[in-house]
Amino acid sequence: MKQNNDLILNATDLTKRFGDFTAVDSISFSVRKGECFGFLGPNGAGKTTIMRMITNHLLVTEGTLSVLGMNVSTNARKVKSRIGIVPQENNLDMDLTVIDNLIIYSRYHGIGKREANIRSTQLLDFFQLAEHAQSPLMRLSGGMKRRLLIARGLINEPKVLILDEPTTGLDPQARHLIWQKLRALQSQGTTLVLTTHYMEEAEQLCDRLVIMDHGKILVEGSPVELIKEHAGKEVLEIRLLENEGRDDCIESVIGDAGLDGAEVECSTDTLYLYTEDAMALLSRINIGSERSILHRRASLEDVFLRLTGRELKE
Amino acid sequence: MSEPTYQVRQATEPRGPIKWPDVTHRAVYVWFRDFKVWLTYYKASLIGNLGEPLLYLLAMGLGLGKMVGTVNGIPYIAFLAPGLMCSAAMYTATFECTFGAFTRMTRQQTYDAILATPVSLDEIVLGEILWGSTKSLFSGVAMLLVMSLFGLVKSFWALLALPLVILVGLLFSSLSMIVTAKSQSYDFFSYYFTLGIAPMFLFSGIFFPIENLPEWAQTMAWFLPLTHGVTVSRALFTGTVSLGHLADILWLAVFFLIAFTFAVGAVRKRLIL
Ligand SMILES: Nc1ncnc2c1ncn2[C@@H]1O[C@H](COP(=O)(O)OP(=O)(O)OP(=O)(O)O)[C@@H](O)[C@H]1O
Ligand SMILES: [Mg+2]
């Protein structure tokens, strides 16, 4: 059978159940060569569960999952030798120094001693960790640990790098450095698969992404497409007055002004108007003098919140 | 301070027929990782290895030995030391593959990290067991040195005690990995030490000949793995080896293979859901 080499990752009706609980519910997606593919979704959506099925940490319950044309369930070793993993939870080896973390990890991949030294040194340089090479792990800050974790995922020169929340908990400098490194990797031909809770990160990095909830994929597309389709162009945020009900607010602001395709959504304290032309809409509706109002471009966050709801997930 | 407990999770996938351990040379990478870490504290470790038998031989061998005199025609210290060599191997392997392995499996998530590479879980288990038995070998070498100080090493047969302690180490490392895979917290190990290891230490013929026990207790002792190690070790040091001892070796080897298979199964059940 001829394999489609452009399909780096392919899932068909992929399902994962823990007892009666379905964490990943019959989802299908594919990741093409060279792209950066994102998984977004609230806590518990099933993102990590998918990542861990790719590495065989979790067994697939139903459906198929293949990497570079190889089924992960039957070809685990080969799959794992070609991919790089950056897990959500730091699992660096606390008993080893920074550089030994990389060298020992290369041994697991069967990389020879000389080559392991060369690659480890290069990766420490690339991630600006060279001066900490001999430090014990406890001396590293969170940002340095995360960089080392990414470096470790690259030790086998993988075709595809899988990152589970690569920048959670990092300061803006560290985050921007990681983005820059990931873009550099992508331009060298590495396919990236990542999960994130940061919409900005997804907009910055992802060519395509899916938004998930309750183990299902809600939408798939490029950030621009998704924003256009699910949030429109512009947003007006109008704060409710004290003790004002939603319906009262909608009544007094919109009244019988024509919405002209604009969509209305209301949370406990804010009225959202999604529209193609905010200025035109503003001229028709009645804000009054005491309401605070914000006019901004629609973003991926709007898409996310509209699709997955505004209430807390867990 | 209370130790965190780690849930022993239940596998959710239906298991097919028994899957035999899937092991290759990659287990050595895991062994090497443990060795590399050991190199950072080897001095303390070796001092422990040497100090413990020294204390035992002084206290029990010389102190107690003075009252006991001879056992089966040999001085008590010469009777005692070969058995202690086996129990030291047992304890070293057991500590490594309970407390040590449990820390790596749970708190440090070392197995989780290795599992993302081409090394299989079965190889991780084997690597840990190989490392446990390597530490048994270290304790065996230390014991051999101390025994030669006491003039207890009389023939080259004694060198064969080193492969013997490796075998004892493999066996007890495997048993410990089963216990580790089933444990929720470090507290669990105290049961294993009190109910499993301590009786082994006391009733496997290290301190007195098994024949001193009532018939039923002798039969029980035959089922203790350490008994066979002690028997062979004593024969090697007293120059009374016979073909019959091959049966003891076989007993140990078969027990090891069974325990290893169960260890692999138990760790798989815990970690791969
Ligand atoms: N081993 C397990 N046993 C039972 N349920 C599990 C297990 N692992 C995950 N789950 C459940 O599966 C669901 C999906 O979890 P998962 O970790 O994949 O979410 P996630 O999208 O990565 O969330 P987060 O953004 O918080 O990391 C959650 O409800 C979680 O409680
Ligand atoms: Mg997650």
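As a reminder, the structure under discussion sits directly above these lines.
Criteria and cut-off values
Residues numbered from 1 in each chain as written. Chains lettered and ligands numbered in written order. Predicted model: local features only at pLDDT ≥ 70, side-chain atom pairs only at ≥ 80, totals over all residues. Heavy atoms only, no water. Helix = DSSP H or I, 4+ residues; strand = E, 2+ residues; numbered from the N terminus. Buried < 20%, exposed > 50% of the residue type's maximum accessible area, 1.4 Å probe, protein only. Areas by Shrake-Rupley, 256 points an atom, 1.4 Å probe, with all protein chains shown as cover. Expected span 1.5 Å × (residues − 1). Contact = heavy atoms within 4.5 Å. Donors = N, O, S within 2.8 Å, 3.2 Å for Na, K, Ca; no water. Buried area = accessible area lost by both parts, 1.4 Å probe. Salt bridge = Lys/Arg side-chain N within 4 Å of Asp/Glu carboxyl O. Polar contact = N/O pair within 3.5 Å; in protein donor to acceptor, adjacent residues only side chain to side chain. Nonpolar A, V, L, I, M, F, W, Y, C, P; charged D, E, K, R; others polar.

Just checking my understanding: could you explain the overall build of chain A for this structure?
Counting its secondary structure elements, chain A contains eleven helices and 14 strands. If you line up chain A on its principal axes, its C-alpha atoms span 75 × 50 × 35 Å. Counting all 314 residues of chain A, 52% fall into the buried class. On chain A, roughly 14,600 Å² of surface is accessible, and the fraction owed to carbon and sulfur atoms is 47%.

Looking at this model, I keep getting lost on helix H1 (residues 27-38) of chain B. Mind explaining?
Since the α-helix advances by 3.6 residues per turn, residues separated by three or four positions end up pointing in the same direction. For H1(B), built from twelve residues, the straight-helix expectation of 16 Å at 1.5 Å per residue is met to within 8% by its first-to-last C-alpha distance of 17 Å. Contacts made by the buried residues of H1(B) are with helix H3 (98-108) of chain A together with helix H2 (42-68), helix H3 (76-105), helix H4 (110-114) and helix H5 (121-149) of chain B.

Honestly, the coordination of the magnesium ion (ligand 2) in this entry has me stumped. Any pointers?
Tetrahedral coordination by four donors places them ideally at 109.5 degrees to one another around the metal; octahedral coordination by six donors ideally gives 90 or 180 degrees. The coordination sphere of the magnesium ion (ligand 2) contains the protein donors A:Thr48 (OG1) and A:Gln88 (OE1), at a distance range of 1.9 to 2.2 Å. Of this pair, A:Thr48 sits in helix H1 (residues 47-54) while A:Gln88 sits in the loop between strand S6 (83-86) and H3, and the two are 40 residues apart along the sequence.

Could you clarify how one ought to interpret the environment of B:Phe188 in this entry?
All names here are of chain B. If you trace the backbone, Phe 188 turns up in helix H7 (residues 187-203). Residue classification places Phe 188 among the partly exposed residues on the basis of a relative accessible area of 34%. Along the backbone, Phe 188 and Gly 127 are 61 residues apart, and their C-alpha atoms lie at a distance of 23 Å. Beyond its immediate stretch of four places on either side in the chain, Phe 188 contacts Val 179, Lys 182 and Ser 183.

Got a minute to help me understand the interface of chain A and chain B in this structure?
Often, the extent of an interface is quoted as the loss of accessible area upon association of its parts. Contacts between the two partners involve 30 residues from chain A, matched on the other side by 28 residues from chain B. Summing both partners gives a buried area of about 2,500 Å² for chain A against chain B, and 55% of it is carried by carbon and sulfur. When residues of chain A are sorted by the area they lose upon contact with chain B, A:His57, A:Arg77 and A:Tyr108 head the list and together hold 31% of the total. Across the chain A-chain B interface, the total number found is six salt bridges. Ionic pairing is found between A:Asp93 and B:Arg33, a salt bridge with its closest N-O pair at 2.6 Å. Run the count over chain A and chain B and you get 13 residue pairs in polar contact (both at pLDDT 80 or more). Among the elements of the structure, strand S1 (7-18), helix H2 (76-82) and H3 of chain A are those that each provide at least two residues to the side of chain A that touches chain B. It is H3(A) that provides the largest number of residues to the side of chain A that touches chain B, a total of five residues. Split into classes, the residues belonging to the side of chain A that touches chain B amount to eleven nonpolar, nine polar and ten charged.

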